[in-house]
Amino acid sequence: MNDKNRRLISVIVLNEHGVLSRISGLFSGRGYNIDSLTVAPIPDTEFSRVSIVTSGDARVFEQITKQLHKLLPIYKVIEEGDFVEKELALVKIPLSVNLAGLDSVLKSYNGSVANSNSENLIIIACDDSTRITSFIKTMSKYSPVDIVRSGSVMLEM
Amino acid sequence: MKKLNGSQMIMEALNKEGVKVVFGYPGGAALNIFDETYKQRYFNVVLARHEQAVVHAADGYARVSGEVGVAIVTSGPGFTNTITGIATAFMDSIPLVVISGQVANSLIGTDAFQEVDAVGISRPCVKHNYLVKNIEELPRILKEAFYIAKSGRPGPVHIDIPKDITAAVGDFSYPDKINMKTYKPMYKGNPGQIKKASKLIAEAKKPILYIGGGVINSNASKEIREFVKITQIPTVQTLMALGTLRSDDEFNLGLIGMHGKYAANMAMSETDLVICAGARFDDRVTGKTSEFAKFANIIHIDIDPSSISKIIKANYPIVGNIKDVFEELNPKVKEAVDPKNYEEWRKTLKRYDEIHPLKYQDSDEVLKPQWVIEESAKIVNDEEAIIVTDVGQHQMWVAQYYPFKNPRTFLTSGGLGTMGYGLPAAMGAKFAAKDRPVINFNGDGGVLMNIQELQTIAENGIPVINIILNNKFLGMVRQWQSMFYEERFASTDLTKQPDFIKLVESFGGKGYVVNTKDEFKKALKEAVESKILTFIDVRIDRFENVIPMVPAGAALYNMILK
C-alpha cells in the first residue's frame, strides 16, 4: 500500500441490520480497497461509528465519500480534519523464548502484558497504525505464535 | 387505531399512494398478499407470465406515467427472476417499488423451500431495500419506500416481506410525512453557482448543452426548451433524453456518442463550455475520456452528487433537481446571454451537419431498417405515440431516425442494455396510456427473450404493435464481429427462426411478414386501425450496419462514417 494514498474515513450510520454489508458491498462492487474497517455502536444513540482505512488517488477517494453519502442509512461521512487514529495489537509469545529486552520494548510502545498462562504471554499495545506495524516487527524476535491487529479506530479533533 | 394484517396494510398503502395498476406473479410466500389483492377494489392487478417481465412492465408504466411502478412477486426464484428488471430500472433511475414474499421469519436462514437472501441479492442494484422484521414497522417502510423511489434521483426500492408478517395483525396508521434523518435530497441548486453558470454561459463562444435522462425524470422538458429558446445554444441529447427537445428543433443537434451524429460529436469535441444537465458522461457517450470536450469548462448539473466528477472532472458542479435549477437559471441567462455571440459556432456546426448528415442508402430491392422507422412515424403520425425498443441495432436506428417530439414517448433500456426489455415494457406502457398507440421496435433476437408476455398482452386486450426488424442475426453483435473480429460470426446467426405469424396467432394476435415497402405500409396501417396485438415481421437487409460509429474507447471525433 502506498502510504501517500492512505485515507481515513469515519462514517456515522443508523444502527440497522444490513448496514455494514451495504458499506462493504459498496467498496467491493466498485473495486475500492478496504485496508481496515471497524464498527461499534455509539453509546446512547441510534448510531454506530464505522472507521475505514482505504487507499486510492484523490478521484477515487472523492467517489468513495460521495457514494457513501448516497447510502440511505448513512448520517454523516467525515473524511478530513485531524483524526486521532489508534490501532490495537495482541501478540501471543511462548514463555519458552528468551524474553530479554521485552520490558523495554513494551515501554517504548506503551504496551503491557495482557495475560499469561504456563505456556504463553499475550502482549497488548495500542498506538498509531504505523507504530503498531513496527511493534509487530519488533515482536518477531520473540517468535510470536499468533498476532491479531484490530484495524484503526479514529475520532476527529 | 385500525387493526390490519400485513397484507391488508400493503393494500391500504398502495391505495394511499394512488397506485392504479400492480404487476405481479404469485407464489407460496406471497399467497397472503395476493389473496388480499383479490378482495380489494383499489387497483388493477396484472398477471404477467415471468417475473422479469413483471418488473419491466412496471418500469414501462413508470416511464410513461411518471408515477412509481409497482411489482409484487414471491420468494426464491420468483424474486431472483426480477433482478434483471430491477437492475435495468436502477441504471436508468426509474422509480419502482418491488415487493417480494419471503419465507416466514422463523425459517429465514434455514435454507427453507424457496428461500433466498433477497435483500442481499438486490442490494447492489436498488436505491434502497428492506427486510421487514416485524409488523409494527411495515406501514413506515411502505411509506418510505414510495418516498425514496420517487424523490431525489429516482430508483427501484425493494421490500422483502416474510410470510408471517403478511398475516400478522398490527396497528395501521399510515404516516403522512416522512422525516428521515439520514436522507434529505437537495432540490434547489446553490444560487452562487447558478449565477456563476450564467456568467460562464454568457462568456462562452462555443457552448454546448448536453442533456440526459435526468431531464425526463424531473419533468424539466419545458424548462430545457425555454433555456434553448433563450440562449440558442446547440444541444446534444443522450439516448435517455430523446424527446426532451423536438427532433425538428433547429438547435437540437440530436444524439451524441457511439452512434451519435457527426455534428453532435464534433460539437462536443470543439466546445469551450459544456453545460451538462442530468447526464452522467456514460462511456457510450464520452468515448475516450482524455479527448472528451478537451477544450471545455464543464458545468455539471445533477441531483446525484456522486454523478459529478465521476468520469469527467466538473469545474462548476451544481447539485440540484434539473427542473428547479433551470427555473433559477433561465431568467439569469435571459438577462446575461446574447444569442448572437454563438452565431459563428452555430454556423460551423450546421456546416458539419451538412457535410455528414445522418444518412443511409435506401433501396427498393431490400427493406432498409432506417426507412421502416421513418415510415412508421409517418403512418402512426401521432406526436404522443409511445415508442419502445429492445436492445441492439434496431434500438440505435430508432434513436437516430425516429422523429421524437415529446418527453416520455421513448422507452428503452439505456444503462443496462437489457435484451428482452421491449415487449414487457411496451405492455406496461400501454396500461399507462390506453388511448395512445404503443409501438415496440424489436430485434428478432431479443423478441424471443420475453415472448411469453404476448399472452399477458392478448388477454388484457391491450393492442401493442410489435415491429420486428428481422435480419436473422443478433445484429449488433454481428456488426462488431464484422468490424473487429474478422467476420467470425460466432453464435450470432439466427437463420433458423420460429414462424412469427403462427406464433402471434397462437396468442390471438395478428401477424404479417413484410418484404417490400408497400407490404410494410399496408401492414402497419391495418395494425394501427385494427387495434389488436400485432407482429410485423419485417425482413430487412441482413448486413446493414448502424452508422456512424465511434469504436469503443476511441475519441468521439474518430468516427466511422460509412
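Fair warning: this is a prediction, and the values are worked out from it, not measured in the lab. (Residues numbered from 1 in each chain as written. Chains lettered and ligands numbered in written order. Predicted model: local features only at pLDDT ≥ 70, side-chain atom pairs only at ≥ 80, totals over all residues. Heavy atoms only, no water.)

### Focus on the domain arrangement of chain B
Accessible area lost when the parts come together is the quantity often used to give the size of an interface. All names here are of chain B. Structurally, chain B comprises domain 1 (2-172), domain 2 (191-355) and domain 3 (369-539). Centre-to-centre, using C-alpha coordinates, domain 2 lies 31 Å away from domain 3. Across the contact, 18 residues belong to domain 2 and 18 residues belong to domain 3. Across the domain 2/domain 3 interface, buried area totals approximately 1500 Å², and carbon plus sulfur atoms make up 60% of it. Considering only the surface of domain 2 that becomes buried against domain 3, Leu239, Leu242 and His259 emerge as the three largest contributors, covering 37% of it. (Domains from an automatic or database assignment. Contact = heavy atoms within 4.5 Å. Buried area = accessible area lost by both parts, 1.4 Å probe.)

### A short note on the packing of helix 3 (residues 51-65) of chain B against helix 18 (residues 422-432) of chain B
Axes are the key here: two packed helices are described by the angle between their axes and the distance separating the axes. All names here are of chain B. Closest axis-to-axis distance for the helix 3/helix 18 pair is 6 Å, and the angle between their directions is 45°. Classified by the interaxial angle, the pair formed by helix 3 and helix 18 is oblique. Considering the relative orientation of helix 3 and helix 18, their crossing is right-handed. On helix 18, the residues touching Ala53, His56, Ala57, Gly60, Tyr61, Val64 and Ser65 of helix 3 are Pro424, Ala425, Met427, Gly428, Ala429, Phe431 and Ala432. Among the residues making up the contact of helix 3 with helix 18, the classes are represented as 10 nonpolar, four polar and no charged. (Axes fitted to C-alpha atoms, helices over the stretch in contact; angles between N-to-C directions. Helix = DSSP H or I, 4+ residues; strand = E, 2+ residues; numbered from the N terminus. Parallel < 35°, antiparallel > 145°, perpendicular 65-115°, else oblique. Left-handed = near helix turned anticlockwise from the far one by under 90°. Nonpolar A, V, L, I, M, F, W, Y, C, P; charged D, E, K, R; others polar.)

### Topic: the interface of chain B and chain A
With 20 residues of chain B at the contact, the number on the chain A side is 18 residues. Both sides of the chain B and chain A interface together cover about 1600 Å² of buried area, and 50% of this is carbon and sulfur. When residues of chain B are sorted by the area they lose upon contact with chain A, Arg123(B), Lys181(B) and Thr182(B) head the list and together hold 36% of the total. Viewed at the interface, chain A and chain B are joined by three salt bridges. As a salt-bridge pair, Asp304(B) and Lys70(A) come within 2.7 Å of each other at their nearest N and O atoms. (Salt bridge = Lys/Arg side-chain N within 4 Å of Asp/Glu carboxyl O.)

### Points about the sheet that holds strand 3 (residues 47-55) of chain A
All names here are of chain A. If you walk across this open sheet you meet the four strands as 2-3-1-4, and the pairing is antiparallel. Whereas interior strands pair on both sides, the edge strands pair on one side only; in this sheet they are strand 2 (36-41) and strand 4 (74-78). Taken over all neighbouring pairs, the strand axes of this sheet differ in orientation by 15° on average, direction set aside. Across the sheet, helix 1 (residues 19-29) lies against strand 1 (6-14), strand 2, strand 3 and strand 4, angled at about 15° from strand 3, the strand it touches most. Against the sheet, helix 2 (residues 58-70) makes contact with strand 1, strand 3 and strand 4, and its axis sits at roughly 5° relative to strand 1, the strand it touches most. (Pairing = 2+ DSSP bridges.)

### Focus on the UniProt feature "domain: ACT" (unreviewed entry) in chain A
Sites flagged by UniProt as "domain: ACT" (unreviewed entry) map to residues 8-82 of chain A. Along residues 8-82 of chain A the backbone is 32% helical and 36% strand, and the end-to-end C-alpha distance reaches 10 Å. (UniProt positions renumbered as here; feature names shortened; annotations may be inferred.)

### Some points on the domain arrangement of chain A
Residue and element names in this part refer to chain A. In terms of domain boundaries, chain A breaks down into domain 1 (3-80) and domain 2 (84-156). Taken together, the contacts link 12 residues of domain 1 with 10 residues of domain 2. The largest per-residue losses of area from domain 1 upon contact with domain 2 belong to Arg6, Thr38 and Arg49, which jointly make up 42% of the total buried on that side. Linking domain 1 with domain 2 are two salt bridges. Between arginine 6 and glutamate 85 there is a salt bridge; the shortest N-O distance is 2.7 Å.

### A few points about the packing of aromatic side chains
Residues and elements named next belong to chain B. Using the criterion set out here, one finds 20 aromatic pairs over all chains in the structure. Their ring planes at 85° and their centres at 5.7 Å tell us that phenylalanine 281 and phenylalanine 292 sit as a pair that is edge-to-face. Taken together, the residues span a long stretch of sequence, with phenylalanine 281 in the loop between strand 12 (273-277) and helix 13 (283-286) and phenylalanine 292 in the loop between helix 13 and strand 13 (297-302) at a distance of 11 residues. One exposure class covers both phenylalanine 281 and phenylalanine 292, and it is buried. These aromatic residues form a ring-pair network of at least three members: Phe23, Tyr61 and Phe431. Looking at arginine 542, its charged tip hangs above the ring of phenylalanine 473, at a distance of 4.1 Å from the centre. (Phe/Tyr/Trp six-rings, centres within 6.5 Å; stacked < 30°, edge-to-face > 60°. Buried < 20%, exposed > 50% of the residue type's maximum accessible area, 1.4 Å probe, protein only. Lys NZ or Arg CZ within 6 Å of the ring centre and 35° of its normal.)

### Points about helix 18 of chain B
With 10 of its 11 residues buried, helix 18 of chain B lies for the most part within the structure. Of all the residues in helix 18 of chain B, the buried ones are Gly422(B), Leu423(B), Pro424(B), Ala425(B), Ala426(B), Met427(B), Gly428(B), Ala429(B), Lys430(B) and Phe431(B).

### Points about the pattern of salt bridges
In total, this model carries 43 salt bridges over all chains according to the counting rule given. Put simply, Asp127(A) and Lys86(A) hold a salt bridge, and the shortest N to O gap is 3.7 Å. Taken together, the residues span a long stretch of sequence, with Asp127(A) in strand 7 (residues 120-127) and Lys86(A) in strand 5 (residues 83-94) at a distance of 41 residues. Judged by relative accessible area, Asp127(A) falls into the buried class, the value being 10%. Owing to a relative accessible area of 31%, Lys86(A) belongs among the partly exposed residues under this scheme. Where Arg542(B) meets Asp493(B), a salt bridge forms, and the shortest distance between an N and an O atom there is 3.8 Å. In this pair, Arg542(B) is assigned in the segment after strand 20 (534-539) and Asp493(B) in the loop between helix 20 (475-484) and helix 21 (500-506), connecting sequence segments 49 residues apart.

### What about the nonpolar core?
All names here are of chain B. If you look at the biggest cluster of nonpolar residues, it comprises 61 residues, and the most contacted ones within it are Ile201, Tyr210, Ile224, Phe227 and Met268. Sorting elements by how many residues they give to this core places helix 12 (residues 262-270) first, with six residues. Counting residues in each nonpolar core, the second largest holds 48 residues, with Val21, Ala58, Phe79 and Leu411 among its members. (Core = buried A, V, L, I, M, F, W, Y, C linked by side-chain atoms within 4.5 Å.)

### Quick notes on the packing of helix 1 of chain A against helix 2 of chain A
All names here are of chain A. Relative to each other, helix 1 and helix 2 sit at 145°, their axes nearing to 11 Å. The handedness of the crossing between helix 1 and helix 2 is right-handed. Listed contacts from helix 2 to Ile23, Leu26 and Phe27 of helix 1 are Ile64, Gln67 and Leu68. Taken together, the residues of the contact of helix 1 with helix 2 break down into five nonpolar, one polar and no charged.

### Overview of the side chain of Asp444(B)
Residue and element names in this part refer to chain B. Locating aspartate 444 in the fold gives a position in the loop between strand 17 (438-443) and helix 19 (453-459). Of the polar contacts made by the side chain of aspartate 444, one reaches the backbone nitrogen of lysine 472; its length is 3.0 Å. Side chain to side chain, aspartate 444 and glutamine 497 meet in a polar contact 2.8 Å long. Among residues more than four places away in sequence, those in contact with aspartate 444 are Ile468, Leu469, Asn470, Asn471, Lys472, Phe473, Leu494, Gln497 and Phe500. (Polar contact = N/O pair within 3.5 Å; in protein donor to acceptor, adjacent residues only side chain to side chain.)

### Quick notes on the pairing of strand 7 of chain A
Here is the key point about a regular strand: its side chains alternate between the two faces of the sheet. Residues and elements named next belong to chain A. Note: strand 5 against strand 7, eight bridges, orientation antiparallel. Counted as the bridge partner of valine 91 is isoleucine 123 from strand 7. Here four bridges tie strand 6 (residues 112-116) to strand 7, and the two strands are oriented antiparallel to one another. The partner of serine 116 across the bridge, within strand 7, is leucine 121. Counting the residues that bridge the hairpin from strand 6 to strand 7 gives three residues.

### Let's talk about the environment of Ser376(B)
Mapped onto the fold, Ser376(B) is located in helix 16 (residues 369-380). Classification of Ser376(B) by relative accessible area gives buried; the value is 1%.

### A few points about the sheet that holds strand 18 (residues 465-470) of chain B
Residues and elements named next belong to chain B. Spatial ordering of the open sheet is given by 16-15-17-18-20-19, a layout of six strands whose pairing is parallel. The sheet is open, and its two edges are formed by strand 16 (410-411) and strand 19 (510-514), each paired on a single side. When strand 15 (residues 386-389) meets strand 17, the two strands line up parallel, connected through four bridges. Each residue of the ladder has a partner; that of isoleucine 386, found in strand 17, is valine 438. The sheet strands contacting helix 16 are strand 17, strand 18 and strand 20, and the helix crosses strand 18 at an angle near 165°.

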